[in-house]
Amino acid sequence: MFQDISIDELITLKNTEELTVIDVRSPSEYKDATIPGSINIPFFNDEERAEVGTIYKQVGQQAAKDRGLEIMSAKLPGFVKKFREIEGKKAVFCWRGGMRSRTSATVLSLMGVKALRLDGGYRSFRNWTVDKLNTVEWKPDALVLNGYTGSGKTIILHRLQTEGYPVIDFEGLANHRGSIFGQIGMEPSNQKKFDGLLIENILRLQDSPYVIFEGESRRIGKVSLPDFVLEKKQKGLQLFIDMPIEERIKHILDDYQPWNHEQECLEAYARIKRRIHTPIANKIESDLESGSYSSAIGLLLEYYYDPLYDHTAKQIPADQKITIKADNIDEAVDLLKNHLNVNQI
């Protein structure tokens, strides 16, 4: 038969051995939140899960089991084949370690495919995540990347990460750029998904002397950063990227591609329009409507985003702040690397 493992055992195996973790819940459950790095081989699709759930509520448990067995019987060869194609150790889980993962592991075992089963399912991982976020002592020092909107901070983080520097991209985990326009063209993470990715990154870099991340506010789209991250940010060394506005406008155009999201841009702008002096606000709206995006972005930076950033930057003590003046992304990355290496941070 199959072997049950605890969430702690699963995490250890993930970190020390090659293990494929398989979420057998429905595609919508998997999309909502899952164990980071897992793949989805659903026991039921969304429609089948809804049907079985309705039978359970309206008729009873046995009728639901009978219908579930009928549905799964027809899909069984393809289901097992997908598992056979995965090499190495495998572990399956469902919502709380119930029928779907138990049946999956049992059937696979009968067909000669060995798969571990996570006791407690995704719910055990969620509980583990919340506990870790509430109790973890984050050891590395913080190097906090700041700069006006469009300074290419996310690109810089990714460049540093590819070269082996310890980086956490909070906006990447949140799948949101952190501004009122931040979700355009994206599907933001919910708190459950974000928390799972966050603790994975926190623990991955626990032995690093420092971690580089962007100076985010508490909320990024739909998610909130935990207090210990905000405290670490506040105490960290603040690195400010100073880049020409022309370069910043180019970065924003490349990133957001507003010509592909015209209505979304107008809807997002409507939420901040009243905060901008009326003649300028009307000009920005007109530029967005006419496709004069460079002009609209330049005005938004000058009259809205840059003043907000100046207000925040003034609250940081001078001895905690280092300015990196660069003409482009390449120069900014080189200067940052030089600063890190020279100071042996």
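Bear in mind the structure is a predicted one, so any value in this text is a computation, not a measurement.

**Considerations on the sheet that holds strand β6 (residues 141-147)**
- Spatial strand order, β7-β6-β10-β11: four strands in an open sheet with parallel pairing. One side of each edge strand has no neighbouring strand; the edge strands of this open sheet are β7 (210-214) and β11 (321-325). Ignoring which end each strand starts from, the neighbouring axes of this sheet average 25° apart.
- Of the pairings in the sheet, the one linking β6 to strand β10 (residues 237-242) comprises five bridges and is parallel in character. Across the sheet, residue G147 finds its bridge partner in β10, namely I241.
- Contacting β6, β7 and β10, helix α7 (residues 153-162) crosses the sheet at an angle of about 150° to β7.

**Side note on the pattern of salt bridges**
- With the rule as written, the count across this model stands at 22 salt bridges.
- The closest approach of N and O atoms between K250 and E247, which form a salt bridge, is 3.5 Å. Of this pair, K250 and E247 both sit in helix α11 (residues 245-256), three residues apart, which is roughly one turn of that helix.
- Bridged by salt links that share partners, the residues E29, R49 and R100 form one connected network.

**A few points about the packing of aromatic side chains**
- Per the stated rule, a full pass over the model turns up 13 aromatic pairs.
- Both rings, one in W259 and one in Y293, keep their centres 6.4 Å apart while their planes meet at 55°; by these two values the pair is tilted. Taken together, the residues W259 in the loop between α11 and α12 (262-270) and Y293 in helix α14 (residues 293-313) connect sequence positions 34 residues apart.
- Take W259: its relative accessible area is 43%, and that puts it in the partly exposed class.
- Under the relative-accessibility criterion, Y293 is labelled buried at 10%.
- Members of the aromatic cluster, each reached through a chain of ring pairs, are F43, F44, F79 and F83.
- R177 extends its terminal NZ or CZ atom over the ring of Y256, reaching a point 4.1 Å from the ring centre.
- Geometry around F240 places K321 over its ring, the cationic atom sitting 5.3 Å from the centre.

Definitions and limits used
- Residues numbered from 1 in each chain as written.
- Predicted model: local features only at pLDDT ≥ 70, side-chain atom pairs only at ≥ 80, totals over all residues.
- Heavy atoms only, no water.
- Pairing = 2+ DSSP bridges.
- Helix = DSSP H or I, 4+ residues; strand = E, 2+ residues; numbered from the N terminus.
- Axes fitted to C-alpha atoms, helices over the stretch in contact; angles between N-to-C directions.
- Contact = heavy atoms within 4.5 Å.
- Salt bridge = Lys/Arg side-chain N within 4 Å of Asp/Glu carboxyl O.
- Phe/Tyr/Trp six-rings, centres within 6.5 Å; stacked < 30°, edge-to-face > 60°.
- Buried < 20%, exposed > 50% of the residue type's maximum accessible area, 1.4 Å probe, protein only.
- Lys NZ or Arg CZ within 6 Å of the ring centre and 35° of its normal.

Read these as layout, nothing more, since geometry by itself doesn't imply function.
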